Amino acid sequence: MNLRFQELDWRPTPMGVISLRVRWDPMAKAEVHEIKLDDDFLMSSLFVQGEIDVARLALTELHRRPVPDGGYDVVVGGLGLGHTALTVLDDPDVRSLVVVEALPEVVAWHEAELIPAGKRLTADPRCHLAQGDFFALAAGEDLDQRNPGRRFHAVVVDIDHSPRHLLNPAHAPFYEPDGVRRLLGHLHPGGVFALWSNDPPDEEYTEVLRQCFTDVRAEVVSFPNPYQEHPATNTVYLATAPVPG
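Read on for a plain summary of the structure. On a predicted model such as this, the values are computed, not experimentally measured, just so you know.

### Looking at the environment of Glu101
- Within the secondary structure, Glu101 sits in strand 6 (residues 94-101).
- With 122 residues separating them along the chain, Glu101 and Phe223 place their C-alpha atoms 25 Å apart.
- Setting aside residues up to four positions removed in sequence, Glu101 forms contacts with Gly78, Leu79, Gly80, Val106, Val107, Ala130, Gln131 and Gly132.

### Structural notes on helix 6 (residues 177-184)
- Among all positions of helix 6, only Gly179, Val180 and Leu183 are buried. Along the long axis of helix 6, the arc covered by the buried residues comes to 100°, so they all point the same way.

### A short note on the sheet that holds strand 3 (residues 30-37)
- Here we have four strands laid out as an open sheet, ordered 1-2-3-4, and antiparallel in their pairing. Each of the sheet's edge strands pairs with one partner strand only, and the pair in question is strand 1 (5-13) and strand 4 (40-44). For this sheet, the mean inter-axis angle between neighbouring strands, taken without regard to orientation, is 20°.
- Pairing analysis gives eight bridges linking strand 1 to strand 2 (residues 16-25), with the strands arranged antiparallel. Across the sheet, the residue bridging to Asp9 is Leu20, located in strand 2.
- Strands in contact with helix 3 (residues 104-111) are strand 1, strand 2 and strand 3; relative to strand 1, the strand with the most contacts, it is inclined by about 140°.

### Structural notes on the pattern of salt bridges
- Tallied over the full model, the rule gives 19 salt bridges.
- For Arg217, the salt bridge identified is with Glu61, shortest N-O distance 3.0 Å. Of this pair, Arg217 sits in strand 10 (residues 214-223) while Glu61 is found in helix 1 (residues 49-62), placing the two residues 156 residues apart along the sequence.
- According to the relative accessible area criterion, Arg217 is partly exposed, its value standing at 29%.
- You can call Glu61 buried: its relative accessible area is 5%.
- Bridged by salt links that share partners, the residues Asp73, Arg95, Asp144, Arg146 and Arg150 form one connected network.

Definitions and limits used
Residues numbered from 1 in each chain as written. Predicted model: local features only at pLDDT ≥ 70, side-chain atom pairs only at ≥ 80, totals over all residues. Heavy atoms only, no water. Helix = DSSP H or I, 4+ residues; strand = E, 2+ residues; numbered from the N terminus. Contact = heavy atoms within 4.5 Å. Buried < 20%, exposed > 50% of the residue type's maximum accessible area, 1.4 Å probe, protein only. Arc of directions from axis to C-beta. Pairing = 2+ DSSP bridges. Axes fitted to C-alpha atoms, helices over the stretch in contact; angles between N-to-C directions. Salt bridge = Lys/Arg side-chain N within 4 Å of Asp/Glu carboxyl O.

Spelled out as structure tokens, the structure:
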């Protein structure tokens, strides 16, 4: 790309103006895609390792048990720049993927291939991009509105900054005991819940997960930061739905 900066699209939303831009970053020596809400950065392609790791770790947990007939059915909460969804689709044992994204603009950018991941996501017949409020769906009966009552082998979430730092206060019930119980109802026995967080491990939240799940842990992942001399870190929470008997 010859331009140092290009705004690919911007649109007003009830939360503010959301914009997609691409720029050349001389320090990283890379073309960087960024999504902003007003003046706040929501996502950057410079920092996607956490998005990848939350899916990678969830699938690693699933593979500790035999692959079910037909393969895994997975839900990802939060589309972003698409790296979590791409990592899920990299696993040949995944049969289907539903990605729930609250912002229709982000879905539209993928469908128009303004975001690089969109080309693969929209071409893969296993993948369905659904515009909707993941937290409202998780609190209800159906994460996949096309298939009432459907359960999944993994639910992978990368939306809020952490269980304490929320993009919207309305998300808070998801991280409380009743929200965790409702989430459990969307998983098959032995299914895996994985959550990305930008904060260090939160023991209070892991205790909430332990009320319903087994094998709960918070795993710290690290990755290079081109703007710092030391690596950056994220946390991935992992929990397994109990198996009867």
